[in-house]
Amino acid sequence: LVPVIVKARDDLRQEQFAAQLVAQAAAILDASRLAAWLRPYQVLATAPDAGLIEAIPDTVSLDALRRLDPHYLDLLDFFTRYFGPRDKLAAAR
């Protein structure tokens, strides 16, 4: 059983193509044994203006992030507040 997001009045054909690119990039990273990974997800355009998107467990939408975090400015700011400054991330490698 896979949780999905049902979309209507939204063209998912570009999303489906982007998801295929993410899956290919994930396979390349896996094959190269780099210390990086991507979590591919499925998108199925069922009509020109409808489709299904696989919901990724333990994630938060940008809309929910904006509503739930009163200090939210943008993704870079959130990432820095959550994970620390960029120089500390580089040193942790």
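Each remark here, short or long, concerns the structure printed above.
Quantities reported herein were computed from a predicted structural model and do not represent experimental measurements.

**What about the overall build of the chain?**
Part 1: Along the chain, the regular secondary structure elements total four helices and three strands.
Part 2: When the elements of the chain are put in sequence order from the N terminus, they spell out β-α-β-β-α-α-α.
Part 3: For the chain, the C-alpha atoms occupy an extent of roughly 45 × 40 × 25 Å along the three principal directions.
Part 4: For the chain, the residues scored as buried account for 15% of the 93 residues in total.
Part 5: Working note: accessible area of the chain is about 7900 Å², and carbon and sulfur atoms make up 59% of it.
Part 6: Positive and negative side-chain charges of the chain, numbering 11 and 12 respectively, have mean locations separated by a distance of 3 Å.

**A look at the pattern of salt bridges**
Part 1: A full pass over the atoms with the stated rule returns six salt bridges.
Part 2: Put simply, D11 and R13 hold a salt bridge, and the shortest N to O gap is 2.7 Å.
Part 3: Look at D11 and you get partly exposed, because its relative accessible area is 38%.
Part 4: What makes R13 partly exposed here is its relative accessible area of 48%.
Part 5: Between R81 and D69 there is a salt bridge; the shortest N-O distance is 2.8 Å. Taken together, the residues span a long stretch of sequence, with R81 in helix α3 (residues 75–83) and D69 in the loop between α2 (62–68) and α3 at a distance of 12 residues.
Part 6: The class for R81 is partly exposed, based on a relative accessible area of 41%.
Part 7: Ionic contacts of the salt-bridge type, sharing partners, join the residues D69, D77 and R81 into one network.

**Details of α3**
Part 1: Residue D74 occupies the N-cap position of α3, its side-chain oxygen lying 3.3 Å from the main-chain nitrogen of L76.
Part 2: Where α3 ends, the next residue or the one after it, G84, has phi of about 100 degrees, a positive value.

So, how was this worked out
- Residues numbered from 1 in each chain as written.
- Predicted model: local features only at pLDDT ≥ 70, side-chain atom pairs only at ≥ 80, totals over all residues.
- Heavy atoms only, no water.
- Helix = DSSP H or I, 4+ residues; strand = E, 2+ residues; numbered from the N terminus.
- Buried < 20%, exposed > 50% of the residue type's maximum accessible area, 1.4 Å probe, protein only.
- Areas by Shrake-Rupley, 256 points an atom, 1.4 Å probe, with all protein chains shown as cover.
- Lys, Arg positive; Asp, Glu negative; His and termini not counted.
- Charge placed at Lys NZ, Arg CZ, Asp CG, Glu CD.
- Salt bridge = Lys/Arg side-chain N within 4 Å of Asp/Glu carboxyl O.
- Polar contact = N/O pair within 3.5 Å; in protein donor to acceptor, adjacent residues only side chain to side chain.

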